[in-house]
Amino acid sequence: MSKQDDKIDTVKDFMQSKKKTRQYTIIDLFRTRTMALRTLNICFNWFTNSLIYYGLSLNTKNLSGDLFINFFISAATEIPGNCIILLLVDKTGRRRLLCGFMIFGGMACAGTILVPKDMRWLVVTLAMIGKFGITASYRVIYLFSAELFPTVVRSNGMGMSSVSARIGGIISPFIVSIGDTILVLPVLIFGCLSIIAGILGLALPETRGRNLPQTLEDAELMGRSCVFLKPKEINEVDTDSVDLNLVHGERAHLTAEDDTDKMDEHAKNGNNETAL
């Protein structure tokens, strides 16, 4: 057999293996209960973050005081919101930051319903605190969701999350328009949604210090760690029962054994042809 024939066979084998490679779609995000619930949770958090972020920015016109000063303060709150995430994201963890800032900002927004009518300045203050919290959580959800989706469906998951966020951004002006009738109602709606999303975020597994899931099976294993464990306890669970490195190591070992067997069979066939 000539070298040209060997090259042709190699190309044919490559094309056949490429055809056999599975193509993952958005449907794979919902094939199992764990992945379906996690995907819906992430999409709801994206939806809520976008809805509240743009809603609070647009709702500035309904707040008492100077319109331009309120817009300036609203934009200025994003600076510390972004900076604090850069400092804490690798120390505290993604889940704690996401849930903490969403609940913190949501409570500030929901607290506007308790403010007396003669203290409108306090409504402005609480709205700006809510804007600070939602800005911080919005930065976390980008990183957190990318680490939660396994590699084979990460682009699909992030695309679906982004679509959910755009839907929230579309709905936000309609909620803000309610403020023309009831002044504090939009901020109250934003606060309640933020608290709900923050609580649901506790069901997501922590990804700090862990390997990214490569397959759907890896993502399933990541989700088996207890929701309310502390970071130290989570690491112990990962070491004892859910070590993705061992899983990938076993796969690599099995693949190497299969390659060795194929090489041995090829060598035997070559010897038989030579003997004939």
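Note that the structure is predicted; figures quoted are calculated from it, not measured. (Residues numbered from 1 in each chain as written. Predicted model: local features only at pLDDT ≥ 70, side-chain atom pairs only at ≥ 80, totals over all residues. Heavy atoms only, no water.)

1. Considering the overall build of the chain
The number of helices and strands found in the chain is eleven helices and zero strands. Of the regular secondary structure in the chain, the N- to C-terminal order runs α-α-α-α-α-α-α-α-α-α-α. The buried share of the chain, taken over its 276 residues, is 39%. Nonlocal contacts in the chain, meaning residues at least 24 apart in sequence, comprise 80% of its contacts between residues at least 6 apart. Surface accessibility of the chain: about 15700 Å² in total, with carbon and sulfur atoms responsible for 65%. (Helix = DSSP H or I, 4+ residues; strand = E, 2+ residues; numbered from the N terminus. Buried < 20%, exposed > 50% of the residue type's maximum accessible area, 1.4 Å probe, protein only. Contact = heavy atoms within 4.5 Å. Areas by Shrake-Rupley, 256 points an atom, 1.4 Å probe, with all protein chains shown as cover.)

2. Focus: the pattern of salt bridges
In the structure shown here, the tally under the stated rule is five salt bridges. Notably, a salt bridge pairs D90 with R94, separated by 3.3 Å at the nearest N-O pair. The class of D90 is exposed, set by a relative accessible area of 55%. Judged by its relative accessible area of 7%, R94 falls in the buried class. With a closest N to O distance of 2.9 Å, R94 and E147 form a salt bridge. (Salt bridge = Lys/Arg side-chain N within 4 Å of Asp/Glu carboxyl O.)

3. A word on the confidence of the model for the chain
Residues with a pLDDT of 70 or more make up 73% of the chain, whose mean pLDDT is 79. Note that residues 270-276 has pLDDT below 50 and, in this model, zero contacts with residues that lie over four places away or in other chains. (pLDDT = per-residue confidence, 0-100.)

4. Some details on the packing of helix α3 (residues 67-76) against helix α4 (residues 78-92)
Axis angle and axis distance: for two packed helices, these are the angle between their axes and the distance between the axes, and together they describe the pair. In the contact formed by α3 and α4, the axes pass within 4 Å of each other and the chain directions differ by 5 degrees. Regarding the angle of α3 to α4, the classification is roughly parallel. Residues S74, A75 and A76 of α3 touch α4, and the partners they reach there are E78, I79 and P80. (Axes fitted to C-alpha atoms, helices over the stretch in contact; angles between N-to-C directions. Parallel < 35°, antiparallel > 145°, perpendicular 65-115°, else oblique.)

5. Some points on the packing of aromatic side chains
Per the counting criterion, the structure on display carries six aromatic pairs. Seen in terms of ring centroids, Y53 and Y54 are 5.1 Å apart; in terms of plane orientation they differ by 85 degrees. Their pairing is edge-to-face. Connected via pairs of aromatic rings, a cluster forms that spans W46, Y53, Y54, Y138 and Y142. Taking the ring centre of Y53 as reference, the NZ or CZ of K131 above it sits at 5.2 Å. (Phe/Tyr/Trp six-rings, centres within 6.5 Å; stacked < 30°, edge-to-face > 60°. Lys NZ or Arg CZ within 6 Å of the ring centre and 35° of its normal.)

6. A few points about the nonpolar core
Core analysis: the biggest nonpolar cluster contains 35 residues, and I85 and F190 have the highest contact counts within it. Secondary structure elements with two or more residues in this core: α2 (33-58), α4, α5 (94-110), α6 (120-148), α7 (154-177), α8 (185-200) and α9 (216-222). Sorting elements by how many residues they give to this core places α6 first, with eight residues. Apart from residues lying up to four places away in sequence, F190 is in contact with L51, I52, G55, L56, I175 and V176. (Core = buried A, V, L, I, M, F, W, Y, C linked by side-chain atoms within 4.5 Å.)

7. Details of α5
Taking 1.5 Å per residue, 17 residues should reach 24 Å; α5 reaches 24 Å between its end C-alpha atoms and fits that length. In terms of burial, α5 is a largely internal element, twelve of the 17 residues being buried. Taken as a whole, α5 has its buried residues at R94, R95, L97, L98, C99, F101, M102, G105, G106, A108, C109 and A110. (Expected span 1.5 Å × (residues − 1).)

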